[in-house]
Amino acid sequence: MIRPPELSEPEQDMLVETARRAVHRGLVHRRFIPPVVDATDSDHPRLLAPGASFVTLRRDEQLLGCIGTLEPVRPLIADVAENAYRAAFADPRLPAVTPSDYEEMSVKVSVLSSLEALEVADRGALLAELRPRVDGLLVVAGHRRGTFLPSVWEQIGDREWFLDLLWQKAGLLPGEWPRDLRVFRYETLEFGD
C-alpha cells in the first residue's frame, strides 16, 4: 500500500487556505479562478507534484459539498482549488454555497494515496481485506462507479453496511458481484480548519 504524501503543517494550512480562497473567488466572480502556481517554488515541492484530493465543505454538521479526484492529474494545490470550487458550486446533490454558508463553513481536505487494486473474487474476500477506518474504497463495474473516503467509516462503522451503501452509491444491487467488477482501496491524509 502506498501511503498519502506527508505534508507539513504549513503545507496543510496552505491547502486549506487555497480551498477557502477558491470558494470565496467563486462567490465574488461567479466562476473558477485557478490559483497562481509558481512552478519554481522550491519551498513546497509536494504541493506542486501531481496529487489527488477531495474537499469537503460543511456548515456545522450540514454537508455543503464534497468533490474530488481519485488519481493525480494536476499539481496538488491546483487539484484542491478546483475541487473546493466544484464542491461549493457543482456538487449535483446540493445547492450552491451562499455567502452566509461561506461565513460559517468548515473546510476539510483529504489527500489520497495511489489506488491499490484488490484481487478479490467475491464479497466475503473483500470483507476480509477491508480495513475499517483506514481504507477508502472505489468500486467500478462498466460505467458504474462509487467511492467512499475513509472518513465515511465514522458514520458507517459496520463492514457489511459500508459495502451495501457503497454498492448502492455505485448503482449496483447490494450483494451483486458483476463479472467486470474492479475494487481499489486507498488511504487519505485528512486535515482542515
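Model, not experiment: these values are computed from the prediction.

Asks: Where do I start with the side chain of aspartate 135 in this structure?
Replies: Structurally, aspartate 135 can be placed in the loop between helix 5 (123-129) and strand 7 (136-141). Separated by 2.6 Å, the side chains of aspartate 135 and arginine 131 make a polar contact. For aspartate 135, the side chain forms a polar contact with the side chain of arginine 185, separated by 3.3 Å.

Asks: It is not clear to me how the pairing of strand 9 (residues 182-186) should be interpreted in this structure. Could you clarify?
Replies: Looking along a regular strand, one sees side chains alternate from face to face of the sheet. Among the five residues of strand 9, four are classified as buried, and the element is accordingly described as predominantly covered. Strand direction decides the pairing type here: strand 6 (residues 116-118) and strand 9, joined by three bridges, are antiparallel. From the neighbouring strand, alanine 117 faces strand 9, where its bridge partner is phenylalanine 184. Here strand 7 runs beside strand 9; their pairing, made up of five bridges, is antiparallel. Bridge pairing in strand 9 places leucine 138 opposite phenylalanine 184.

Asks: Can you help me understand the pattern of salt bridges in this one?
Replies: Taken as a whole and assessed by the stated rule, the structure comprises 16 salt bridges. For arginine 20, the salt bridge is made with aspartate 193, and the minimal N-O distance between the two is 2.3 Å. Of this pair, arginine 20 sits in helix 1 (residues 9-29) while aspartate 193 sits in the segment after strand 10 (188-192), and the two are 173 residues apart along the sequence. Residue class for aspartate 193 comes out exposed when judged on its relative accessible area of 52%. Across the salt bridge formed by aspartate 164 and arginine 123, the nearest N and O atoms sit 2.9 Å from each other. Of this pair, aspartate 164 sits in helix 6 (residues 159-169) while arginine 123 sits in helix 5, placing them 41 residues apart in sequence. Arginine 123 gets classed as buried once you look at its relative accessible area, which sits at 17%. Here the residues in one salt-bridge network are Arg3, Glu116, Glu129, Arg131, Asp135, Arg185 and Glu187, joined through shared partners.

Asks: Just to check I follow, could you spell out the nonpolar core for this structure?
Replies: Soluble globular proteins tend to pack their nonpolar side chains together in the buried interior. The biggest cluster of nonpolar side chains holds 26 residues, and the ones touching the most others in it are Leu15, Val23, Leu57 and Val107. Elements supplying a minimum of two residues to this core: helix 1, strand 2 (53-59), strand 3 (62-68), helix 3 (76-89) and strand 5 (105-112). For this core, the element with the highest residue contribution is helix 3, accounting for seven residues. Not counting residues up to four positions away in its chain, the partners in contact with valine 23 are Leu57, Ala84, Ala88, Phe89, Val97, Tyr102 and Met105. In this structure, Leu118, Val139, Phe148 and Leu181 belong to the second largest nonpolar core, which totals 20 residues.

Asks: How should I be thinking about unusual backbone geometry in this particular structure?
Replies: In most cases, non-glycine residues show a negative phi, while peptide bonds are predominantly trans. Here aspartate 60, not a glycine, exhibits a phi torsion of approximately 60 degrees, which is positive. As for its placement among the helices and strands, aspartate 60 is situated in the loop between strand 2 and strand 3. Positive phi, normally seen in glycine, also occurs at arginine 133, with a value near 70 degrees. Along the chain, arginine 133 falls in the loop between helix 5 and strand 7. Using a relative accessible area of 56% as the deciding quantity, one classes arginine 133 as exposed.

Asks: Just to check I follow, could you spell out the sheet that holds strand 9 for this structure?
Replies: Whether parallel or antiparallel, the strands of a sheet pair through hydrogen bonds between backbone atoms. Spatially, four strands are ordered 6-9-7-8 in an open sheet, and the strand pairing comes out antiparallel. Two strands in the sheet have a free side with no partner beyond their single neighbour: strand 6 and strand 8 (144-148). Averaged over all adjacent pairs, the angle separating strand axes in this sheet is 25 degrees, with direction ignored. Strands in contact with helix 6 are strand 7 and strand 8; relative to strand 8, the strand with the most contacts, it is inclined by about 140 degrees.

Parameters and conventions
- Each chain has its residues counted from 1, following the order in which its sequence is written.
- The predicted origin of the model limits local features to residues at a pLDDT of at least 70 and limits the giving and counting of side-chain atom pairs to 80 or more, whereas totals for whole chains, interfaces and linings rest on all residues.
- Remark: hydrogens and water are excluded; side-chain values derive from all non-hydrogen atoms of the structure.
- Each helix is a run of DSSP H or I of at least 4 residues and each strand a run of E of at least 2, with the numbering of both proceeding from the N terminus.
- Here a polar contact means two N or O atoms within 3.5 Å. Within protein one must be a hydrogen donor candidate and the other an acceptor candidate, and residues neighboring in sequence count only if both atoms are side-chain atoms.
- Between buried and exposed lies partly exposed: a residue is buried under 20% and exposed over 50% of the maximum accessible area for its type, with that area taken using a 1.4 Å probe on protein chains only.
- For two strands to be treated as a pair, DSSP must find at least two bridges joining them.
- By salt bridge we mean one thing: a side-chain nitrogen of Lys or Arg within 4 Å of a carboxyl oxygen of Asp or Glu.
- Here, nonpolar core refers to any group of buried Ala, Val, Leu, Ile, Met, Phe, Trp, Tyr and Cys residues whose side-chain atoms link them within 4.5 Å.
- Only heavy atoms matter for contacts: two residues are in contact if any of them lie within 4.5 Å across the pair.
- Helix axes are fitted only over the stretch in contact, all axes being lines through C-alpha atoms; the angle between N-to-C directions runs from 0 to 180 degrees.

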